[in-house]
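# Overview (structure and organization)
Single-letter residue listing:
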Amino acid sequence: MSRLLLVSCASTALCALPALATEKGDILGTYADIAEAAYGDSLVAAEALGDAVAELLDAPSADTLATARQAWLRARIPYQQTEAFRFGNPIVDDWEGKVNAWPLDEGLMDYVDPSYGGATDENAYAALDVIANPTFTLSGEEIDATEITPALLRDTLHEADAVEANVATGYHAIEFLLWGQDLNGTEAGAGARPWTDYATGADCTHGNCDRRGEYLRSATTLLVDDLAWMADQWTAGGAAREAVLANEDAGIDAILTGMGSLSYGEQAGERMKLGILLNDPEEEHDCFSDNTHNSHYYDAMGIRNVYVGSYARIDGTVVSGPSLSELVAESDPDVDAALRADLDHTMAEMGRIKAVAEAGFSYDRMLARGNSDGEALITNAIDALIAQTRSIERAVVALGLDQIAFQGSESLDDPNAVFQ
Amino acid sequence: MKRSLFPLLIAFLAGPATAGVEDAIETYILPGYARLSEATETLANDAATDCTAEGLRPAYRDAFDAWARIGHLRIGPVEEQGRVLAIEFWPDVRGMADRTIAGLIADADPAVESEAGFAEVSVAGRGLMALDRLLNDEAYEGYGKESYTCDYVVAVARDLARMAFEIEAEWRDGYAETLASAGDAGNTTYLSEREVRQALFTALSSGLEFDAAQRLGRPLGTFERPRPERAEARRSGLSLALLVASLEGLRDFATALALDTPTETRAAFDRAIAAARDLDDPVFALVDDPQGRFEVEIVQQRIEAARQVAASEIGTALGVSAGFNAGDGD
């Protein structure tokens with residue numbers, strides 16, 4: 001359900017856009033360089049998470065669990081900045097569900113509190129608890145899960161029974177395995193899984209510690225593999241980079257589509273507004289770890305990165321080059337100035353949420369019914385995201401991309417697989 | 001005080017392309033919200049007199065029908081204070097409604113006692129979809145006049161009437177003018193008249209997307225795993241009726257928005273509506289059956305076809321393509 005894009009620009013008459021000093025090919029090169037760097041950083045950080053998980057499982061303790069959690073939090077920082085690539089690039093969008101699927105029915109994986117409930121109308125396997133059950137029936141099929149392997153998670157459990165909330169892999173599955181459920185509702189506190197959930201022998205709590213460890217190791221292995229694959233797609237000659245460079249106008253449109261769809265439908269709507277309207281503490285993106293303020297903050301930063309053509313890597317080096325901002329400024333300096341101001345304003349509002357959350361008033365507490373201060377903080381950020389979306393639409397018009405879009409006979413907007 | 005629409009007419013005399021916007025507001029949007037106000041007011045009055053499920057169902061159907069005809073308008077007052085989802089919280093992918101409704105009743109939550117208090121309740125416990133359960137689900141529908149559930153139903157109906165009244169008032173006393181004054185100094189919402197055309201065209205296009213991908217796509221599920229239980233308002237038996245009402249509403253909206261009679265678009269809509277009516281299956285239960293599923297998919301394809309025809313016929317004439325909409329993303 002993405003905005004209309006153009007497929008091709010067969011007739012040059014339709015493509016007669018103003019000649020501009022900033023080369024579109026160079027802008028797309030910057031865009032792909034940022035993607036390569038950000039997915040590369042995500043991979044490095046996920047490998048560090050893998051090392052920390054190995055240490056936790058080799059020598060379970062409060063310290064090794066805390067170190068693994070820290071590694072997870074760090075891994076989120078570069079990854080969230082890649083989300084701006086998702087909606088403009090089908091290769092990313094098709095893959096994304098493996099690594100960042102959310103929201104999830106975590107009872108599929110492990111034990112949950114009785115207040116979680118059981119199977120629902122929407123999901124018969126919401127409380128399957130694979131870690132406690134070596135064999136079970138799934139959609140009429142007998143499943144042997146005596147060994148919890150990456151293949152089992154990827155091929156059998158993930159999106160089991162065609163239910164998207166059956167998330168068996170990715171950051172949020174690992175987050176649940178490291179933190180456990182956050183049972184504090186809209187009160188202070190994150191998930192409090194004891195390190196003894198990974199202890200050996202008689203120290204093991206909640207049963208099946210060895211299977212829980214296998215699950216965590218498999219999920220982390222998969223995350224590393226999946227990120228390595230995506231980082232590779234953006235290197236020279238990689239499929240994602242080639243796709244973006246293949247058609248300059250389509251590539252520029254992909255940047256703007258990714259920015260707008262993430263700003264509006266996904267972040268402002270699905271991830272933020274819904275939480276306020278439901279007063280539900282689980283309606284926060286990183287609900288187990290109470291890291292939602294960071295996940296929103298770095299999403300917004302990723303949107304800004306691709307527009308201004310600059311990304312600060314996790315080792316401090318900066319990847320930058322000719323930017324979309326410069327191109328828009330050549331067409332209409334006012335539109336560019338307004339969009340830059342909007343992106344900066346969003347960063348300021350997100351920064352407020354982050355500061356307040358880190359000071360102790362966590363994102364889930366902001367969602368409580370009748371908490372007007374929390375609601376105002378979140379609403380201001382939502383309004384900023386909506387405002388920047390309008391400016392993104394104006395940039396599309398300033399570049400003449402909408403004219404191509406509606407004059408083209410077909411749209412890239414692949415009308416949903418169901419229509420095929 | 002109702003504001004005269006006369007100044008609006010004057011303001012719109014700028015150029016030929018504005019005719020569609022003016023028409024859409026006066027012949028479609030404002031009457032549509034007026035009908036929603038009336039229907040929800042009737043619902044609230046009926047509930048105050050007799051809150052039982054049996055007595056309320058006709059007014060409920062009428063209110064839902066009024067909403068389905070304009071639900072695709074995702075601009076202006078309806079976007080304030082979460083009203084869109086407070087009026088109809090659907091789809092509900094995480095089953096929040098059941099949990100929220102059961103929780104309110106189990107706690108006998110006093111939020112139902114005042115309008116202001118109820119307005120703070122989670123959208124999953126409010127609106128038309130809450131009534132879908134309260135009036136039809138066997139766990140609730142037998143409630144008596146002295147019960148908590150009765151008070152709850154009255155609160156939902158009153159909340160709907162309040163929101164509909166506010167939306168209509170805000171359109172008449174402000175937002176219509178915001179559209180009309182696009183491009184004027186001081187109008188920070190619409191910097192040009194073109195942006196208004198795009199916003200309304202986006203509503204048309206995304207409304208059709210919603211009908212195909214959600215109203216039909218959710219019960220269709222996948223071939224291996226159809227999901228009839230996910231049909232909209234299936235407990236009330238209204239799934240098909242709401243789809244048809246939505247398509248009729250979108251057809252009227254498209255006609256008003258277009259500069260000339262959009263004959264191709266209207267024909268495409270008529271084909272989609274005819275195929276939908278032919279389903280003769282109020283809750284899309286037949287998605288479970290290969291032949292039935294095929295028929296539902298045909299409706300879906302015709303809706304998608306109507307969207308494409310509208311883009312080339314109406315979008316081109318208005319000089320716009322669809323912008324971002326709330327359905328972008330997951």
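Keep in mind that what you see is a predicted model, and the values were worked out from it rather than measured.

### A word on the overall build of chain B
- In terms of helices and strands, chain B carries 12 helices and 0 strands.
- Scanning chain B from its N terminus toward the C terminus, one meets helices and strands in the order α-α-α-α-α-α-α-α-α-α-α-α.
- For a compact globule of 330 residues, the expected C-alpha radius of gyration is about 20 Å, and chain B comes in at 20 Å, within 12% of that figure.
- Dimensions of chain B, computed from C-alpha atoms along their principal axes, come out at roughly 60 × 55 × 30 Å.
- For chain B, the proportion of its 330 residues judged to be buried stands at 52%.
- Here the analysis covers contacts within chain B between residues at least 6 apart in sequence; of these, 76% occur between residues at least 24 apart.

### Details of the interface of chain A and chain B
- Contacts between the two partners involve 35 residues from chain A, matched on the other side by 36 residues from chain B.
- Elements with a contribution of two residues or more to the side of chain A that touches chain B: helix H8 (248-278), helix H13 (372-398) and helix H14 (401-407) of chain A.
- Among the elements that make up the side of chain A that touches chain B, the one with the highest residue count is H8 of chain A (10 residues).

### Here we look at the packing of helix H1 (residues 24-58) of chain A against helix H7 (residues 239-246) of chain A
Residue and element names in this part refer to chain A.
- Across the interface, H1 lies against H7 with an axial gap of 10 Å and an inter-helix angle of 160°. Here H1 lies roughly antiparallel to H7, going by the angle between them. The handedness of the crossing between H1 and H7 is right-handed. Two secondary-structure elements touch here, H1 through Gly-25, Leu-28, Tyr-31, Ala-32 and Ala-35 and H7 through Ala-240, Arg-241, Val-244 and Leu-245.
- Of the residues belonging to the contact of H1 with H7, the class tally is 7 nonpolar, 1 polar and 1 charged.

### A look at the nonpolar core
- Of all hydrophobic cores here, the largest spans 229 residues; its most connected members are Leu-204 and Leu-257 of chain B.
- The biggest single contributor to this core is H1 of chain A, with 17 residues.
- Formed jointly, this core draws a minimum of three residues from each of two domains, domain 1 (6-180) and domain 2 (193-318) of chain B.

### Things to note about helix H11 (residues 333-358) of chain A
All names here are of chain A.
- Look at H11: 37 Å from first C-alpha to last across 26 residues, which is about the 38 Å you get at 1.5 Å a residue.
- Those residues of H11 that fall on the buried side of the exposure criterion are Val-335, Asp-336, Leu-339, Asp-342, Leu-343, Thr-346, Glu-349, Met-350, Ile-353 and Ala-357.
- Where the residues of H11 are buried, they touch helix H9 (292-308), helix H10 (324-331), helix H12 (363-366) and H13.
- One or two positions beyond H11, positive phi appears at Gly-360, with a value near 125°.

What counts, and where the lines are drawn
Residues numbered from 1 in each chain as written. Chains lettered and ligands numbered in written order. Predicted model: local features only at pLDDT ≥ 70, side-chain atom pairs only at ≥ 80, totals over all residues. Helix = DSSP H or I, 4+ residues; strand = E, 2+ residues; numbered from the N terminus. Rg over C-alpha atoms; globule rule 2.2 N^0.38 Å. Buried ≥ 20, exposed ≤ 12 C-beta atoms within 10 Å, placed from the backbone. Contact = placed C-beta atoms within 7 Å. Axes fitted to C-alpha atoms, helices over the stretch in contact; angles between N-to-C directions. Parallel < 35°, antiparallel > 145°, perpendicular 65-115°, else oblique. Left-handed = near helix turned anticlockwise from the far one by under 90°. Nonpolar A, V, L, I, M, F, W, Y, C, P; charged D, E, K, R; others polar. Core = buried A, V, L, I, M, F, W, Y, C linked by C-beta atoms within 7 Å. Domains from an automatic or database assignment. Expected span 1.5 Å × (residues − 1).

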